[in-house]
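Chain by chain, the residues:
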Amino acid sequence: MSRRIAVTGAASGIGQALARQLTEAGDTVIGIDLKDADICADLGAATGRASAVEGVLEQCGGVLDALVLCAGINAPSPALISVNYFGVTALAEGLRPALAAARAPRAAVVGSISGTQPVDDEVVAACLAGDEAAALARAEAVMGEGPQKLYPSSKAALAQWLRRTCVAPGWADAGIPLNAVAPGVVRTPMSAALFADERMKAVMDRAVPMPLGGYAGPEVIAASLAWLISPANTHMTGQVLYVDGGAEVSLRGSSVF
Ligand code: NAI
């Protein structure tokens, strides 16, 4: 049975690998990205998010079988809060009714091992309050202290949103599992600059140890996402699945489960 599946970030990396796998399996993918996609929209802006939702609803006829939110950035800028958190949650919330109209709907987002690193609590709180202006204002202030907490903050907020939302009215009770895959280091254009710099690569290897298999290819993360949105996933929701070569366990130990 061919399903209609919307994928953000479909023009590169993990989203592109997932779009390819789903298409090869016979599904119809509605790709969303800044360019080179079925729907071109800037998910960092409210207008872009609204036009992406509208475009998907038009292309799926109001019934969406699955949604996978991969688009993200890791740049030293407050803008990453808008893309990685609000660009994900706004699309999930905007497309939830179309998912609820499907027979076996599924949704998944892409988190990160970085979500386990130190965060700025005020940025996270503003995200969870749905206050983008406050989140951006705090992110600007944090920039002065160094931007390294921003990306982890965006991904930690996303994981917390996921756990609150998955059992909120309209999700689990409407039959929609909502989960995340949190990768370690993945070989995509996003991480290419790290691999080009031996010093940065050494820092990254210490921060994200991956004893099982080393760095992953985007197709590995895509396959995990494909399972989360498959009909086989009838009962898992609200989970952050670390597909990270053992990084999360190496860093957090055996008492976290
Ligand atoms: P990528 O850079 O290859 O792909 C990201 C895609 O998102 C690009 O096609 C880009 O155009 C799109 N995008 C960025 N900003 C956008 C915007 N404002 N509006 C619409 N589309 C936008 O990166 P990759 O690695 O495939 O990243 C996918 C997800 O995986 C991201 O959420 C990232 O944070 C996450 N991730 C990546 C890791 C890595 O090592 N590559 C590790 C952990 C998480």
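Our next topic: the sheet that holds strand β5 (residues 106-110). Taking strand neighbours across the sheet as the criterion, the 7 strands line up as β3-β2-β1-β4-β5-β6-β7 in an open arrangement whose pairing is parallel. Looking at which strands have only one partner, the edges of the open sheet turn out to be β3 (39-40) and β7 (240-243). In the sheet, strand β2 (residues 28-33) pairs with β3 via 2 bridges, with the strands oriented parallel. Pairing of Ile32 across the sheet is with Ile39, part of β3. Relative to β2, helix α2 (residues 46-60) is tilted by about 165°, and along the sheet it contacts β1 (4-8), β2 and β3.

This part is about helix α4 (residues 121-128). Taken residue by residue, α4 has Val123, Val124, Ala126, Cys127 and Leu128 as its buried positions. On the buried face of α4, the contacting elements are α3 (79-100), α5 (132-145) and α6 (150-165). Looking at the residues trailing α4, positive phi occurs at Gly130, about 75°.

We now examine the pattern of salt bridges. The full count for this structure, using the stated rule, is 7 salt bridges. Residues Arg138 and Asp120 are paired through a salt bridge, measuring 2.8 Å at the closest nitrogen-oxygen approach. Residue Arg138 is located in helix α5, and its partner Asp120 is located in the loop between β5 and α4; the two are separated by 18 residues in the primary sequence. By sharing partners, the salt bridges in this structure join Asp120, Glu122 and Arg138 into a single network.

On to the nonpolar core, then. Core analysis: the biggest nonpolar cluster contains 45 residues, and Val56, Leu64 and Trp161 have the highest contact counts within it. Ranked by size, the runner-up nonpolar core spans 24 residues in total, among them Ile14, Cys70, Ala216 and Leu225.

Close to the ligand lie 28 residues, the nearest being Ser12, Ile14, Asp33, Tyr151 and Thr188. One of the backbone nitrogen or oxygen atoms of Leu43 is found 2.9 Å away from a nitrogen atom of the ligand. One nitrogen or oxygen atom from the main chain of Gly44 is found 3.5 Å from a nitrogen atom belonging to the ligand. When the ligand sits alone it has 830 Å² of accessible area, and the protein chains cover 91% of it. Residues of the shell around the ligand, tallied by class, amount to 15 nonpolar, 10 polar and 3 charged.

Cut-offs and rules
Residues numbered from 1 in each chain as written. Predicted model: local features only at pLDDT ≥ 70, side-chain atom pairs only at ≥ 80, totals over all residues. Heavy atoms only, no water. Pairing = 2+ DSSP bridges. Helix = DSSP H or I, 4+ residues; strand = E, 2+ residues; numbered from the N terminus. Contact = heavy atoms within 4.5 Å. Axes fitted to C-alpha atoms, helices over the stretch in contact; angles between N-to-C directions. Buried < 20%, exposed > 50% of the residue type's maximum accessible area, 1.4 Å probe, protein only. Salt bridge = Lys/Arg side-chain N within 4 Å of Asp/Glu carboxyl O. Core = buried A, V, L, I, M, F, W, Y, C linked by side-chain atoms within 4.5 Å. Near = heavy atom within 4 Å. Polar contact = N/O pair within 3.5 Å; in protein donor to acceptor, adjacent residues only side chain to side chain. Areas by Shrake-Rupley, 256 points an atom, 1.4 Å probe, with all protein chains shown as cover. Nonpolar A, V, L, I, M, F, W, Y, C, P; charged D, E, K, R; others polar.

Read these as spatial facts, not as claims about activity.
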